[in-house]
Amino acid sequence: MSNQALMAWSVVVVAISFAALCVYLIVTLKAARETLVSVQGTIKEANQTVGMLHTKVEDLTNNVKVISEDVKNKIRSTDDFFQAARNAGVTLKETTGAVKDISSTLSRAVRQQVAALEPGPENKKTWTEWFKIGMNVVSAIRSAKQQNKEEKAIVAAERQEEEHRLYDSAAYVPEPFQPGSHRVYNGHSHN
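I tried to follow empty space enclosed by the protein on my own but got confused; where do I start?
Left-over empty space is what a probe sized like a water molecule reveals as it rolls over the atoms. By the definition in use, this model includes one cavity of 30 Å³ or more. Of the voids in this model, the largest cavity is the one considered here, and its volume is about 40 Å³. A98, D101, I102, A144, Q147, N148 and E151 are the residues that line the largest cavity. Those elements that provide at least two residues to the lining of the largest cavity are α1 (3–117) and α2 (127–169). Among the elements that take part in the lining of the largest cavity, α2 stands out by supplying four residues, more than any other.

So what exactly am I meant to see when it comes to the packing of aromatic side chains here?
Tallied over the full model, the rule gives one aromatic pair. Relative to F82, the ring of F81 lies with its centre 5.4 Å away and its plane at 65°, an arrangement referred to as edge-to-face. The class for F81 is exposed, based on a relative accessible area of 57%. For F82, a relative accessible area of 48% corresponds to the partly exposed category.

What counts as what
Residues numbered from 1 in each chain as written. Predicted model: local features only at pLDDT ≥ 70, side-chain atom pairs only at ≥ 80, totals over all residues. Heavy atoms only, no water. 1 Å grid on protein atoms, 1.4 Å probe; cavity = no way out; pocket = protein on both sides within 12 Å on 5 of 7 lines; lining within 4 Å. Points joined across faces, edges and corners; volume = space filled by probe spheres on them. Helix = DSSP H or I, 4+ residues; strand = E, 2+ residues; numbered from the N terminus. Phe/Tyr/Trp six-rings, centres within 6.5 Å; stacked < 30°, edge-to-face > 60°. Buried < 20%, exposed > 50% of the residue type's maximum accessible area, 1.4 Å probe, protein only.

Take a look at the structure:
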């Protein structure tokens, strides 16, 4: 084989190798293009999913805020109940004290009258003295009742002042029911 033939065969081998390399590059580039198209579609789907998840997370966050505000408002509304219970306890205590005072005043007056009624030569009373004794008992009862009424009036005035203060400071409308508030419940927007 001559040099020229060897050279010719070398050129043919190089040409075939170059053609094979070009075919291989074309096939590889087509596969890479298909992969890029597939990745682009996956990225679009992921963006759509992230967008949907973002809106759902926002809705969920808004719902949690609304629920927490509602729970806070309900907890605040129980303050009035506990204040009323506290006021009832104070009233009961004051009423018990007033009844105790009345009963002690009455029993003291009755004891004095009984001591005055004990028979003895010097304790014989005329009807005017008996009348005075009865009037003393009646006046003791009246003064105890008057004192009880005054105490009740003072307590009622204090209670009214406290209720007015509570209602004035705690006057609110739960936020979901305020006009113009924009709230989201169960994924739906309500105005």
